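Listed below, chain by chain, are the residues.
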Amino acid sequence: MDIVDLNHGSGFVYGIDTREVSIAQRINVLIDVALVRAHRDQPARDYLGASRLGEPCARRLAYEITHTLPDEGRDIDGAMLRVFEAGHRFEVLSIEWLRAAGFDLRTRRRDGSQFGFTAAGGRLRGHIDGVIVAGPDVGVRWPALFEHKALNAKSWSDLVKRGVRSAKPIYFAQVQIYLAYMELAHALFTAMNKDSQELYHEVVPFDPAAAQALSDKAVEILRAADAAELPPRIAADADFYLCRACEYAKRCWETRP
Ligand code: SF4
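No experiment lies behind these values; they were computed from the predicted model shown.

Right, let's get into the site of the ligand. With respect to spatial proximity, the complete set of residues near the ligand consists of Cys57, Arg59, Arg60, Tyr63, Arg233, Ile234, Cys243, Cys246, Ala249, Cys252 and Trp253. Of all the secondary structure elements, the ones that give two or more residues to the shell around the ligand are helix H2 (58-65) and helix H8 (249-254). A class-by-class count of the residues in the shell around the ligand yields eight nonpolar, no polar and three charged.

How big an interface is tends to be expressed through the accessible area that disappears when the partners come together. Segmentation of the protein into domains returns domain 1 (6-41) and domain 2 (48-218). Centre-to-centre separation of domain 1 and domain 2, based on C-alpha positions: 33 Å. Tallying the contact residues gives five residues for domain 1 and seven residues for domain 2. Between domain 1 and domain 2, roughly 480 Å² of surface is buried when both sides are summed, and carbon and sulfur atoms account for 67% of that area. Interface area lost by domain 1 to domain 2 is led by Asp32, Leu35 and His39, which between them contribute 71%. Close ionic contact of arginine 82 with aspartate 32 constitutes a salt bridge, the shortest N to O distance being 2.9 Å. At the boundary of domain 1 and domain 2, one finds one residue pair in polar contact (both at pLDDT 80 or more). Class assignment of the residues belonging to the side of domain 1 that touches domain 2 gives a composition of two nonpolar, one polar and two charged.

On the basis of which strands lie adjacent, the open sheet formed by three strands has the order S3-S6-S5 and mixed pairing. Edge positions in the open sheet fall to strand S3 (48-49) and strand S5 (116-119), since each of these has one partner strand only. Here two bridges tie S3 to strand S6 (residues 124-127), and the two strands are oriented parallel to one another. Residue leucine 48 lies in a different strand from S6, and its bridge partner there is leucine 124. Here helix H5 (residues 169-182) sits on the sheet and contacts S5 and S6; the angle it forms with S5, its principal contact strand, is near 85 degrees.

One way to put it is that helix H4 (residues 153-167) packs onto H5 with a least axis distance of 8 Å and a crossing angle of 55 degrees. The orientation of H4 relative to H5 falls into the category oblique. Within the contact between the two elements, H4 uses Val164, Arg165, Ser166 and Ala167 and H5 uses Pro169, Tyr171 and Phe172. Split into classes, the residues belonging to the contact of H4 with H5 amount to five nonpolar, one polar and one charged.

As a further point, take the pattern of salt bridges. Tallied over the entire structure, the rule returns 15 salt bridges. A salt bridge links arginine 106 to aspartate 104, with the shortest nitrogen-to-oxygen separation between them at 2.7 Å. Taking the relative accessible area as the measure of exposure, arginine 106 reaches 40% and is therefore partly exposed. Given a relative accessible area of 29%, aspartate 104 falls into the partly exposed group. Salt bridges sharing common partners tie together Arg52, Glu55, Arg60, Glu64 and Glu247.

Right, let's talk about the environment of leucine 93 for a bit. Topologically, leucine 93 is positioned in helix H3 (residues 78-100). Residues leucine 93 and glycine 116 lie 23 residues apart in sequence; the distance between their C-alpha atoms is 21 Å.

Scoring rules and cut-offs
Residues numbered from 1 in each chain as written. Predicted model: local features only at pLDDT ≥ 70, side-chain atom pairs only at ≥ 80, totals over all residues. Heavy atoms only, no water. Near = heavy atom within 4 Å. Helix = DSSP H or I, 4+ residues; strand = E, 2+ residues; numbered from the N terminus. Nonpolar A, V, L, I, M, F, W, Y, C, P; charged D, E, K, R; others polar. Domains from an automatic or database assignment. Contact = heavy atoms within 4.5 Å. Buried area = accessible area lost by both parts, 1.4 Å probe. Salt bridge = Lys/Arg side-chain N within 4 Å of Asp/Glu carboxyl O. Polar contact = N/O pair within 3.5 Å; in protein donor to acceptor, adjacent residues only side chain to side chain. Pairing = 2+ DSSP bridges. Axes fitted to C-alpha atoms, helices over the stretch in contact; angles between N-to-C directions. Parallel < 35°, antiparallel > 145°, perpendicular 65-115°, else oblique. Buried < 20%, exposed > 50% of the residue type's maximum accessible area, 1.4 Å probe, protein only.

As structure tokens, then:
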């Protein structure tokens, strides 16, 4: 990615002539370029992230783990990276508030590393947000896995109404695989409303059958990746709503079986 010196009026960033756009747009382009550059400088994962196992399409996960390039124009961009980064900052806030309220929430080991696990010879890994080892009597037995998400108001309200399992099956799956490998009986799932900073907390118990199904799914995806095979598509039609949102849609549907 080439970046020009905007102060000297030369020009083009991402193919946009920055002399013809507003100051706000010029600044935002620079921010997003910096974010994307930092993201690209990170080493690529050589493992299947347990947080992704709830993704319904095994083929999409196989593309991810084999570092397949997304369709043109569908790669991660500054807007997405800003959302991810903000989510981390909201998580830090929630952790600070919980600790101030008396919850002994641990997020790092003594050596400073993040809690987590590896399985399948290191090819399946998870990094958890934390563990609450003790806290006030609020009707939750400690220890509990701690998982945090920051959601927009609509998504947050839906979660409050329907609960993690129904409203957020991908997060439910993430919690289940974490509980299995961390050998914990339940999780405290905390979600912040990004618009109002309201907090929602739900206890999610371990579901061994769900965790086993996710573990089996991980094994199957890793096996397919090793064999250079593509798992079946999730739908019979490219117009399926998940395919329309998928960054591999063009590649996927143009690949002959
Ligand atoms: S386009 Fe659909 S079937 Fe193909 S990888 Fe994406 S979600 Fe799966």
